[in-house]
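One letter stands for each residue in the lines below.
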Amino acid sequence: MPETSVGAMPALLSQTGAFTDVRKLAPAPGLFPYELLISFWSDGADKSRYVAIPQAKVAFSKEGEWGFPPGTVFVKTFELPAKRLETRLLVLDRNGGVYGVTYKWRADLSDADLLAPAGLTEEVAVRNADDTHSQTWYYPSREDCLVCHNSHTKGVLGPKTRQLNRELRYPDGVVENQLRRWIRLGLFSPDVQEKDIPSFAALARPNDTNRSIEERARSWLDVNCAHCHRPGGTVANFDARYETPLVAQRLIDGPVLIDQGVDRARVISPHDPWRSMALLRIDTNDDIRMPPLARHVIDATGVAVIRQWILSLPGRDVLPPPTMQPGGGNFNGPVTVSLASSEPGADIRYTLDGSAPGPSDAHYEGPIRVEGPAVLRARVYKEGLTRSVIAQQTYVIDR
């Protein structure tokens, strides 16, 4: 690989020197495997990871990012069930920066071709035990790589103490803690002692019920959000890094810059999933989705962990928003809309002019006949419970 991004890139993955046999993904001498405790969500893809480190040391940090020397190359392959998609190479260049390139696999797996600097979106067929379905996949541009791999993260996202503090079965058959192997290989500066490994933090997997729901939720946020949501990163009020104490993260009851029209919106609203913008944005594929880059599938496991954490936080029970049937849209004539609440004995208040419904607005007693264009908004009230957020649908009546 060239020393900087302006050099000539190999046209084929087989020409990069990363693999001795590309079809079998057999790594070249000098690359060794690593695995993370939690992988950044990539639309359900499995990943295999290798790194080649030159004759230099990795600057070790107990809590922050490691500093990898120029010439380090990371090799990561993405696969969906029965579908090998791409291999990405991230190179730490001679000037202290990084560049990334993507190789798209051919259907016959004979090789992978270098993609142009621009990104590429395609529909891929995914086969599993139950069915075959189409899934949107985005191959990142070289510019996309630098959105996350930048000076704020020292160019590298995954390999750090809390991610590699786990066992791995190596090709030589030995199963050992990855930090221990890196120490034995003499890769760190300053030197790290094996006896200190038990004192180092380790992220909590979403399904590790031996760890608290708070640890699991904060670990997921660290992996999927902290590369941008940190001091000096994207414009936001909170710090998602795991090493930052919870009380200093400005997550719980943290103010938001964009509330999406939700009253009393917070980054994490205690015991209130409907006013928690972090949950709202990871649980959608709309334009407000987070992470915003290269994601077309919701991480259901991650969403469930964040929701469970929110509900575990102390606070008053919150009323769910009402449902509206039928949903909004274009209709050839008047439409009758029914509202419902899952809370017995709740009071639904609504408006038809787009204004925010309050306790003095119209009380829902039965189906509403909409005869002209209307923005129906409704909210649920009940004594002793926090009012719901507003539900809204727009009805366009053609005559």
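Preceding this section is the structure that the text describes.
Throughout this description, residue numbers start from 1 for each chain and increase along the sequence as written. In keeping with the predicted nature of the model, local features appear solely for residues at pLDDT of at least 70, side-chain atom pairs appear and are counted solely at 80 or more, and the whole-chain, interface and lining totals rest on all residues. The basis for every side-chain value is the complete set of non-hydrogen atoms in the structure, without hydrogens or water.

## Observations regarding the overall build of the chain
- For the chain, the count of helices and strands is 7 helices and 22 strands.
- Counting only C-alpha atoms and orienting by the principal axes, one finds that the chain spans roughly 75 × 50 × 40 Å.
- Note on contacts: a residue pair is in contact if any heavy atoms of the two residues lie within 4.5 Å. Considering only contacts in the chain between residues 6 or more positions apart, those separated by 24 or more positions represent 53%.
- Only the protein chains shown count as cover for residues, and all accessible areas are computed by the Shrake-Rupley method using a 1.4 Å probe. When the accessible area of the chain is evaluated, it comes to approximately 19100 Å², of which 50% is carbon and sulfur surface. By the criteria applied, helices consist of DSSP H or I runs no shorter than four residues and strands consist of E runs no shorter than two, each listed in order from the N terminus.

## Brief notes about empty space enclosed by the protein
- The definitions used throughout rest on a 1 Å grid laid over the protein atoms alone, on which a cavity is an enclosed set of points accommodating a 1.4 Å probe that cannot get out and a pocket is an open set flanked by protein within 12 Å on both sides along at least five of seven lines; lining residues are those having an atom within 4 Å of a point. Grid points are joined across faces, edges and corners, and a volume is the space filled by probe spheres set on the points. According to the stated counting rule, one finds 1 cavity of 30 Å³ or more in the structure shown.
- Estimated volume of the largest cavity: approximately 40 Å³.
- Trp41, Trp220, Ile282, Met290, Pro291, Arg295 and Asp299 are the residues that line the largest cavity.
- Tallied by class, residues from the lining of the largest cavity come to 5 nonpolar, no polar and 2 charged. Put simply, Ala, Val, Leu, Ile, Met, Phe, Trp, Tyr, Cys and Pro go in the nonpolar bin, Asp, Glu, Lys and Arg in the charged bin, and everything else, Gly too, in the polar bin.

## Brief notes about the packing of aromatic side chains
- Ring pairs are drawn from Phe, Tyr and Trp, using the six-membered ring of Trp, whenever the two centres fall within 6.5 Å, and their geometry is named by plane angle: stacked under 30 degrees, edge-to-face over 60, tilted for the rest. Tallying each qualifying case throughout the model produces 15 aromatic pairs.
- Ring plane angle 90° and centroid distance 6.5 Å describe the contact between phenylalanine 19 and tyrosine 50, whose orientation is recorded as edge-to-face. Here tyrosine 50 lies in strand β4 (residues 46–52) and phenylalanine 19 lies in strand β1 (residues 19–21), a separation of 31 residues in the sequence. Accessibility classification places phenylalanine 19 together with tyrosine 50 in one group, the buried group.
- Through a chain of ring-to-ring contacts, three or more aromatic side chains come together here, namely Phe32, Tyr34, Phe60, Trp66, Phe68, Phe74, Trp182, Phe188 and Phe200.
- One Lys or Arg, arginine 88, reaches over the ring of phenylalanine 78 and ends 4.0 Å from the middle of that ring.
- A ring has a charge above it when a Lys NZ or an Arg CZ is no more than 6 Å from the ring centre and no more than 35 degrees off the ring normal. Over the face of the ring belonging to tyrosine 242 we find arginine 218, whose NZ or CZ atom lies 5.0 Å from the ring centre. Buried residues are those whose accessible area, probed at 1.4 Å on protein chains only, stays under 20% of the maximum for their type, while exposed residues exceed 50% and partly exposed ones sit between those limits.

## Let's talk about the sheet that holds strand β17 (residues 335–340)
- In spatial order, the strands read β15-β17-β20; together these 3 strands make up an open sheet with antiparallel pairing. Bordering the open sheet on either side are β15 (323–325) and β20 (368–370), each of which pairs with just one other strand. Neighbour-to-neighbour, the strand axes of the sheet open up by a mean angle of 30°, direction not taken into account.
- Where β15 and β17 come together, 3 bridges link them in antiparallel fashion. Within the sheet, the bridge partner assigned to threonine 323 lies in β17 and is alanine 340. A pair of strands is treated as paired once DSSP finds two or more bridges between them. For helices, the axis comes from a line fit to the C-alpha atoms of the stretch in contact; other axes are also lines fit to C-alpha atoms, and the angle between any two N-to-C directions lies between 0 and 180 degrees.

## Looking at a nonpolar patch on the surface
- Patch building starts from residues that exceed 30% relative accessible area and form no salt bridge, then joins like charges within 9 Å and nonpolar side chains (Val, Leu, Ile, Met, Phe, Trp, Tyr) within 5 Å. The term salt bridge refers to a side-chain nitrogen of Lys or Arg lying within 4 Å of a carboxyl oxygen of Asp or Glu. Together, Val235, Leu257 and Ile258 give the surface a local cluster of nonpolar side chains, amounting to about 330 Å² of exposed area.
- Within the secondary structure layout, isoleucine 258 lies in the loop between α5 (246–249) and α6 (277–282).

## Concerning helix α4 (residues 213–225)
- Helix span, expected: 1.5 Å multiplied by one less than the number of residues in the helix. If you check α4, its first and last C-alpha atoms are 17 Å apart, about what 13 residues at 1.5 Å a residue would give, namely 18 Å.
- Burial within α4 is extensive, with 11 of its 13 residues counted as buried.
- Regarding α4, the residues found buried are Ile213, Arg216, Ala217, Arg218, Ser219, Trp220, Leu221, Asp222, Val223, Asn224 and Cys225.
- Buried residues in α4 make contact with α2 (161–164), α5, α6 and α7 (300–312).

Treat this as a map of the structure, not an account of what it does.
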